[in-house]
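Chain residues, written in single-letter form:
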Amino acid sequence: MLVLGIETSCDETGIALYDSKKGLLSHRLFSQIDLHVDYGGVVPELASRDHILKTLPLIDEVLLDASTLMAEVEAIAYTAGPGLVGALMVGASIAQSLAFSLDLPIIGVHHMEGHLLAPMLESTPPEFPFVGLLVSGGHTQLVSVKGYGDYEILGESVDDAAGEAFDKAAKMLGLDYPGGPHIAKLANNARTSGIAEPVRFPRPMTDRPGLDFSFSGLKTYTLNTVQKHKVDGALAEDIRASIALAFENAVVDTLRIKCQRALKQTGFKTLVIAGGVSANVHLREILEAMVKPLGTEVFYARPEFCTDNGAMIAYAGCQRLLAGERSGLSIQVRPKWPISELSKLEGISF
Ligand code: KG4
Ligand code: ZN
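This write-up is about the structure you can find in this document. (Residues numbered from 1 in each chain as written. Chains lettered and ligands numbered in written order. Predicted model: local features only at pLDDT ≥ 70, side-chain atom pairs only at ≥ 80, totals over all residues. Heavy atoms only, no water.)

1. Focus on the side chain of S278
- Mapped onto the secondary structure, S278 falls in the loop between strand 9 (270-274) and helix 9 (281-291).
- Within the local environment of S278, its side chain forms a polar contact with the backbone oxygen of G275, the two atoms lying 2.6 Å apart.
- With near-sequence residues (within four places) excluded, S278 lies in contact with V135, I273, L283, R284 and C306. (Helix = DSSP H or I, 4+ residues; strand = E, 2+ residues; numbered from the N terminus. Polar contact = N/O pair within 3.5 Å; in protein donor to acceptor, adjacent residues only side chain to side chain. Contact = heavy atoms within 4.5 Å.)

2. A closer look at the nonpolar core
- By size, the foremost hydrophobic cluster in this structure holds 62 residues, and its most contacted members are L4, I6, L17, I59, M70, I76 and Y151.
- Here the element with the most residues in this core is helix 10 (residues 311-322); it accounts for eight residues.
- L17 has contacts with L2, V3, L4, G23, L24, L25, S26, V62, L63, A66, T68 and V73, leaving out every residue within four places of it along the chain.
- With 45 residues, the next largest nonpolar core counts L235, A241, L271 and V298 among its residues. (Core = buried A, V, L, I, M, F, W, Y, C linked by side-chain atoms within 4.5 Å. Buried < 20%, exposed > 50% of the residue type's maximum accessible area, 1.4 Å probe, protein only.)

3. Looking at the coordination of the zinc ion (ligand 2)
- Summarising the metal site, the zinc ion (ligand 2) is bound by the protein donors H111 (NE2), H115 (NE2) and D308 (OD), whose distances to it range over 2.0 to 2.1 Å.
- Viewed at the metal, the four donor atoms of the zinc ion (ligand 2) are separated by angles of 95 to 132°, and the geometry they form is tetrahedral.
- Positions of the donor residues of the zinc ion (ligand 2), expressed as sequence spacing, correspond to H-x3-H-x192-D. One end of the pair, H111, is in helix 4 (residues 111-117); the other, D308, is in the loop between strand 10 (297-300) and helix 10, and 197 residues separate them in sequence.
- What makes H111 buried here is its relative accessible area of 6%. (Donors = N, O, S within 2.8 Å, 3.2 Å for Na, K, Ca; no water. Tetrahedral: all angles 85-135°; square planar, octahedral: opposite > 155°, others 65-115°.)

4. Structural notes on the site of ligand 1
- Around ligand 1 sit 20 residues, and of these G137, D167, G180, G276 and N280 come closest.
- The side chain of H111 places a nitrogen or oxygen atom 3.1 Å from an oxygen atom of ligand 1.
- Backbone polar atom of G276 to an oxygen atom of ligand 1: 3.0 Å apart, as the coordinates give it.
- Notes on ligand 1: free accessible area 560 Å², of which the protein chains cover 88%.
- Where the shell around ligand 1 is concerned, the elements lending two or more residues are helix 4, helix 5 (162-172) and helix 6 (179-192).
- Residue composition of the shell around ligand 1, by class: six nonpolar, twelve polar and two charged. (Near = heavy atom within 4 Å. Areas by Shrake-Rupley, 256 points an atom, 1.4 Å probe, with all protein chains shown as cover. Nonpolar A, V, L, I, M, F, W, Y, C, P; charged D, E, K, R; others polar.)

Laid out in structure tokens, this is it:
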């Protein structure tokens, strides 16, 4: 089945063509970072307007790249939630209009299921069951994954998501949005040049049992540390790097502790990390070191498929379409949509 995937849930327009037999044929992404950078975060109205401008041209490019005609597409998958309502509506309207005019089956995909399954697009995909760590700008969740759609939330953030914490800490350090990659770069500079942490940041909620997270306290900790080290209202470059280092170490270490607990609790032998923060190299290294003695493996997507993209939507939608699921013709989106509400796909194996 040849599926056109359309992702417009936030500030990236992602389009892809995925074939259930041949794999990923082509994909394109337009990131709106430059559009939002002056505002320090995503401006929903600007995001929606830009998706309107970019979606159809990117579909043309993806078809051209794969030497495929629209008439050859067999189904459409679009992100139906969670995300920004206006941005989701753009993708849903375009997807539904195309499906209606071409008489194609269509499926509304859960954005976080897309992230969770993105590592399936790699040459050595993970096998079920696994513990999934979803770490994005809006979500931090540990999920027990026993099969497609068979998701149980083991723990989640009670306040900020990990990516959101990276973005807010970055802002305090005077770094651009999205902050994750900037903090990672500074922290790496600190590590390679031997700069030490100014103070050890806390590992929130690790001193009590359970798999929930809390990252909002790290914000206050970062702010206090920044204020303390400012001289004439400015931070010296090595202090900035040292704070980025302390912050990244705290987030990564907290995620490591909870992943280790989740593996122990479930008895699963596989860990999958997904979502924008899973692109973080230090996180990958620390988790790989953690699982090695346990005889466990960590799987993740290539960096461009950790952050938002159309390929993960085409892939996740394809699994549901092959299992016979279809969405109705109404243009409906779900800005808030718990992943545990998804239905289990029975009897499919790939
Ligand atoms: O999955 P994603 O693209 O969008 C959402 O669904 O939210 O995740 C975006 C988030 C942002 O908060 C960004 O700062 C973070 O992922 N991020 C990173 C890195 N790359 C992206 N955080 C830490 N290290 C990175 N290398
Ligand atoms: Zn995302």
